[in-house]
Amino acid sequence: HLSQSALSRLIGRLEKDGLVGRSVCAEDRRGVWVTLTDKGRALHAEVLPLQRQVLARLLGASAET
């Protein structure tokens, strides 16, 4: 639940770090396409096991209580 400006700032930081690329939508120039770069994909693959572990722990804990 981010505002449009907060999301834009977040994408800007990810772009500055080389994790995503941004391009204008050709069909509707108000839209923007955001894609992961190779660096972004590598980071995602690196942290995915930890993300799944944390989610399993949190969702498992909430299901038990």
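Residues numbered from 1 in each chain as written. Predicted model: local features only at pLDDT ≥ 70, side-chain atom pairs only at ≥ 80, totals over all residues. Heavy atoms only, no water.

Caption draft 1: Just the overall build of the chain, in detail. Counting its regular elements, the chain contains 2 helices and 2 strands. Helices and strands in the chain line up, N terminus first, as α-β-β-α. Here the chain has a C-alpha radius of gyration of 16 Å; the compact-globule value for 65 residues is 11 Å, and the former is much larger. Oriented by its inertia axes, the alpha-carbon framework of the chain measures out at about 50 × 25 × 20 Å. Taking all 65 residues of the chain together, 9% fall into the buried category. Within the structure as shown, the chain displays about 5,700 Å² of accessible surface, and the carbon and sulfur contribution to it stands at 59%. A gap of 5 Å separates the mean positions of the 10 positive and 7 negative side-chain charges of the chain. (Helix = DSSP H or I, 4+ residues; strand = E, 2+ residues; numbered from the N terminus. Rg over C-alpha atoms; globule rule 2.2 N^0.38 Å. Buried < 20%, exposed > 50% of the residue type's maximum accessible area, 1.4 Å probe, protein only. Areas by Shrake-Rupley, 256 points an atom, 1.4 Å probe, with all protein chains shown as cover. Lys, Arg positive; Asp, Glu negative; His and termini not counted. Charge placed at Lys NZ, Arg CZ, Asp CG, Glu CD.)

Caption draft 2: Quick peek at the environment of Val 20. Along the chain, the position of Val 20 falls in strand β1 (residues 20-24). Owing to a relative accessible area of 10%, Val 20 belongs among the buried residues under this scheme. As a C-alpha pair, Val 20 and Trp 33 span 13 residues in sequence and 10.0 Å in three-dimensional space. Apart from residues no more than four positions distant in its own chain, Val 20 is found in contact with Ile 11, Leu 14, Glu 15, Val 34, Thr 35, Leu 36 and Thr 37. (Contact = heavy atoms within 4.5 Å.)

Caption draft 3: Quick peek at the pattern of salt bridges. Per the counting criterion, the structure on display carries 2 salt bridges. Close ionic contact of Arg 30 with Asp 28 constitutes a salt bridge, the shortest N to O distance being 2.9 Å. Classification of Asp 28 by relative accessible area gives partly exposed; the value is 30%. (Salt bridge = Lys/Arg side-chain N within 4 Å of Asp/Glu carboxyl O.)

Caption draft 4: View of the environment of Lys 39. Along the chain, the position of Lys 39 falls in helix α2 (residues 38-64). The sequence separation of Lys 39 and Leu 19 amounts to 20 residues, and the corresponding C-alpha distance is 5.6 Å. With sequence-adjacent residues up to four places away left out, Lys 39 is seen in contact with Asp 17, Gly 18 and Leu 19.

Caption draft 5: Region of interest: the environment of Leu 7. Structurally, Leu 7 can be placed in helix α1 (residues 4-16). Here Leu 7 falls in the partly exposed class, since its relative accessible area comes to 39%. Spatially, the C-alpha atom of Leu 7 lies 13 Å from that of Val 20, the residues being 13 residues apart in sequence.

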